[in-house]
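Residues per chain are reported as follows:
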Amino acid sequence: MRPWNFSAGPSALPLEVLQHAAAEMTDWHGSGMSVMEMSHRGKQFTQIYEEALADLRELLQVPEEFDVLFMQGGASAQNAIVPLNLIGRRDARKADYVLAGIWSNKSHKEAQRYGDIAVAASSGAQADVDGRTQAPWTWFPKPADWSVRADASYLHICSNETIGGVEFPDWPDMKSLGAPEVPLVVDVSSHFLSRSIDFSKVGMVYAGAQKNAGPAGVTMVIVRKELIGHALPICPSAFDYANVSAAGSMFNTPPTYAMYMAGLVFKWLKKQGGIASMEAANIAKARALYDYLDGSSFYVSTVHPSYRSRMNVPFFLKDESLNAAFLEGADAADLRQLRGHKSVGGMRASIYNALPLEAVQALISYMQDFERRHG
Ligand SMILES: *Cc1c(COP(=O)(O)O)cnc(C)c1O
């Protein structure tokens, strides 16, 4: 058996998907070619692309009024591509950002190069959140406290902060925030396909594949068609949503192998029963781990219970001098990549779609055993 891989990204892929890709590595469906060797405009790759697109639309029930684009550059490139495409929609060239962790801060910083950017809300201070004192970046600002400028071109949030382990799934309706003309733009990179998306509330979502949807190299952009076509003149042609959309994600050579792999992941998800079954499994996995953390006095979880991520679970050993021993023992128990991000410290277990409940149970039993030996 392979070790369980808790990496935050690039992260574990379903073994079945890897084996499927391995089996057709040198000869895809009798074509005599690897997917890597095919023209992106040929009939074989066109079939791969069209199936991936249709499967993704079906899995997430993407409404007709949205385009689905496969792009390159990762979510980090979208930090620039989003303002380059959307900020020019309105004359004021304004955009507002909710800050709740490292990724939304990076998005905010990059956007400042392209317009009048403001912070709508931030969790970057200690705060009393529903009666609990929360450290910076361990909670999410409530929509009622966001201040959104009515003439902004968009409002940006990151709905799952991969590093801090803060998830915010209950997106507000922009009408209720008094900004009906401001589309919500959401970086969903690290919980994409782990739960359903209510598209009635969003203008656009984007996700790098390597957290939950495939290998690094392809970025999915799902954007309302009416928002496309306002790119600033300085926007690189290959990053102009209008060009990418008009060319069916083939304005230039797309990341063909990454798209193929993501397509296999979409098929695997359909076989698991789709997003609803995946979400139920993710709830069960997260509950098992958080329940264990809550019941333990040896380990601590610092994220506010209302905003705990189902995908990325940071936790700390009360006695941090045991960190190295914990990681060494985990490795020996075939539990990999549990070291927390350097900015947060401690441990982090990323439990994406490809990790079954069995992996979480293996982690918990190792943690229990470690506590027995060192507690
Ligand atoms: C990983 C991640 C990114 C950055 O992705 P890159 O592909 O490295 O650009 C951005 N946002 C979130 C939420 C992420 O998890």
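Residues numbered from 1 in each chain as written. Predicted model: local features only at pLDDT ≥ 70, side-chain atom pairs only at ≥ 80, totals over all residues. Heavy atoms only, no water.

Peer 1: Residues and numbers for the site of the ligand, please.
Peer 2: Taken together, the residues surrounding the ligand are G74, A75, S76, W103, C158, N160, T162, D187, S189, S190, Q210 and K211. With respect to the ligand, the backbone of A75 contributes an N or O atom lying 3.3 Å from an oxygen atom. Between the ligand and Q210 there is a distance of 2.8 Å, counted from an oxygen atom to a side-chain nitrogen or oxygen. Protein burial of the ligand: of its 390 Å² of free accessible surface, 86% is covered by the chains. (Near = heavy atom within 4 Å. Polar contact = N/O pair within 3.5 Å; in protein donor to acceptor, adjacent residues only side chain to side chain. Areas by Shrake-Rupley, 256 points an atom, 1.4 Å probe, with all protein chains shown as cover.)

Peer 1: Give me the lowdown on the UniProt feature "modified residue: N6-(pyridoxal phosphate)lysine" (unreviewed entry) in the protein chain, citing residues and values where you can.
Peer 2: The sites that carry the UniProt feature "modified residue: N6-(pyridoxal phosphate)lysine" (unreviewed entry) are, in the present numbering, K211. Its location among the elements puts K211 in the loop between β11 (204–208) and β12 (219–224). Those residues within four positions of K211 in sequence are excluded, and the remaining contacts are A8, G9, S11, S189, S190 and Y352. (UniProt positions renumbered as here; feature names shortened; annotations may be inferred. Helix = DSSP H or I, 4+ residues; strand = E, 2+ residues; numbered from the N terminus. Contact = heavy atoms within 4.5 Å.)

Peer 1: Please give an account of the side chain of H191 that cites residues and values.
Peer 2: Inspection of the secondary structure puts H191 in the loop between β10 (184–187) and β11. For H191, a relative accessible area of 4% gives the class buried. If we ignore the near neighbours within four places in the chain, the residues touching H191 are S159, N160, E167, N212 and M311. (Buried < 20%, exposed > 50% of the residue type's maximum accessible area, 1.4 Å probe, protein only.)

Peer 1: Give a description of helix α3 (residues 74–86) that names residues and reports values.
Peer 2: Here α3 spans 18 Å end to end across 13 residues, near enough to the 18 Å set by a 1.5 Å rise per residue. The largest bend in α3 is about 30 degrees, located at A80, with the proline P83 one to four residues further on. Taken across its 13 residues, α3 has 12 buried, putting it largely inside the fold. Every buried residue belonging to α3 is among G74, A75, A77, Q78, N79, A80, I81, V82, P83, L84, N85 and L86, and all of these are buried. (Expected span 1.5 Å × (residues − 1). Bend = angle between axes of the 7 residues up to and from the residue.)

Peer 1: Explain the side chain of K285 residue by residue, including any values.
Peer 2: Among the structural elements, K285 can be located in helix α7 (residues 274–295). Side-chain polar atoms of K285 contact the backbone oxygen of Y352, separated by 2.9 Å. If sequence neighbours within four positions are ignored, K285 has contacts with I351, Y352, N353, L355, P356, L357 and V360.

Peer 1: If you had to explain the UniProt feature "domain: Aminotransferase class V" (unreviewed entry) in the protein chain to someone new, which residues and values would you point to?
Peer 2: As recorded in UniProt, the sites labelled "domain: Aminotransferase class V" (unreviewed entry) are residues 4–363. The distance from the first to the last C-alpha atom of residues 4–363 is 9 Å, and the span holds 31% helix and 18% strand.

Peer 1: Any details on unusual backbone geometry? Residues and values, ideally.
Peer 2: Residue P10 is reached from G9 by a cis peptide bond, and omega for that bond is -10 degrees. Summarising the element assignment, P10 is placed in the loop between β1 (4–5) and α1 (15–23). Backbone geometry at Q61 places phi at a positive 50 degrees, although glycine is not the residue there. The class for Q61 is exposed, based on a relative accessible area of 65%. Of note in the backbone geometry, L193 takes a positive phi value of approximately 70 degrees without being a glycine. With respect to the helices and strands, L193 occurs in the loop between β10 and β11.

Peer 1: Tell me what's going on with the pairing of β11, and back it up with residues and numbers.
Peer 2: By the criterion of burial, β11 is predominantly enclosed, with 5 of the 5 residues buried. Side-chain alternation along β11 places M204, Y206 and G208 on one buried face and V205 and A207 on a second face that is also buried.

Peer 1: Quick rundown of the environment of L15? Include the residues and the values.
Peer 2: For L15, the location among the structural elements is in helix α1. Overall, L15 belongs to the partly exposed group, its relative accessible area being 41%. Counting along the chain gives 339 residues from L15 to A354, while the straight-line C-alpha distance between them is 8.1 Å.

Peer 1: For the nonpolar core, give the residues involved together with the corresponding values.
Peer 2: When a protein is soluble and globular, its nonpolar side chains tend to lie buried together. Counting 68 residues, the largest nonpolar core has L60, F70, W146, W171 and F192 as its most contacted members. Among the elements that take part in this core, helix α6 (residues 256–271) stands out by supplying 10 residues, more than any other. Judged by nonpolar contacts, the second largest core, of 31 residues, contains F6, A330, A354 and L355. (Core = buried A, V, L, I, M, F, W, Y, C linked by side-chain atoms within 4.5 Å.)

Peer 1: Just give me the short version of the packing of aromatic side chains, but keep the residues and values in it.
Peer 2: Evaluated as defined, the whole model comprises 16 aromatic pairs. Ring centres of Y257 and Y260 lie 5.1 Å apart, and the angle between their planes is 50 degrees; this geometry places the pair in the tilted category. With Y257 and Y260 both in helix α6, this residue pair falls 3 residues apart, about one helical turn. A centroid spacing of 6.0 Å and a plane angle of 55 degrees characterise the contact between Y292 and Y299, whose relative ring orientation is tilted. You'll find Y292 and Y299 in the same group, each marked buried. Aromatic ring contacts, followed pair by pair, group Y292, F298, Y299, F315, F326, Y366 and F370 into a single cluster. (Phe/Tyr/Trp six-rings, centres within 6.5 Å; stacked < 30°, edge-to-face > 60°.)

Peer 1: For the sheet that holds strand β14 (residues 312–317), give the residues involved together with the corresponding values.
Peer 2: Here we have 3 strands laid out as an open sheet, ordered β13-β14-β16, and antiparallel in their pairing. Each edge of the sheet is formed by a strand with only one pairing partner; in this case those strands are β13 (299–300) and β16 (347–350). Alignment of β14 against β16, held across 4 bridges, turns out to be antiparallel. By the bridge assignment, V313 is partnered in β16 with A349. Running at roughly 20 degrees to β14, α7 makes contact with β13, β14 and β16 of the sheet. (Pairing = 2+ DSSP bridges. Axes fitted to C-alpha atoms, helices over the stretch in contact; angles between N-to-C directions.)

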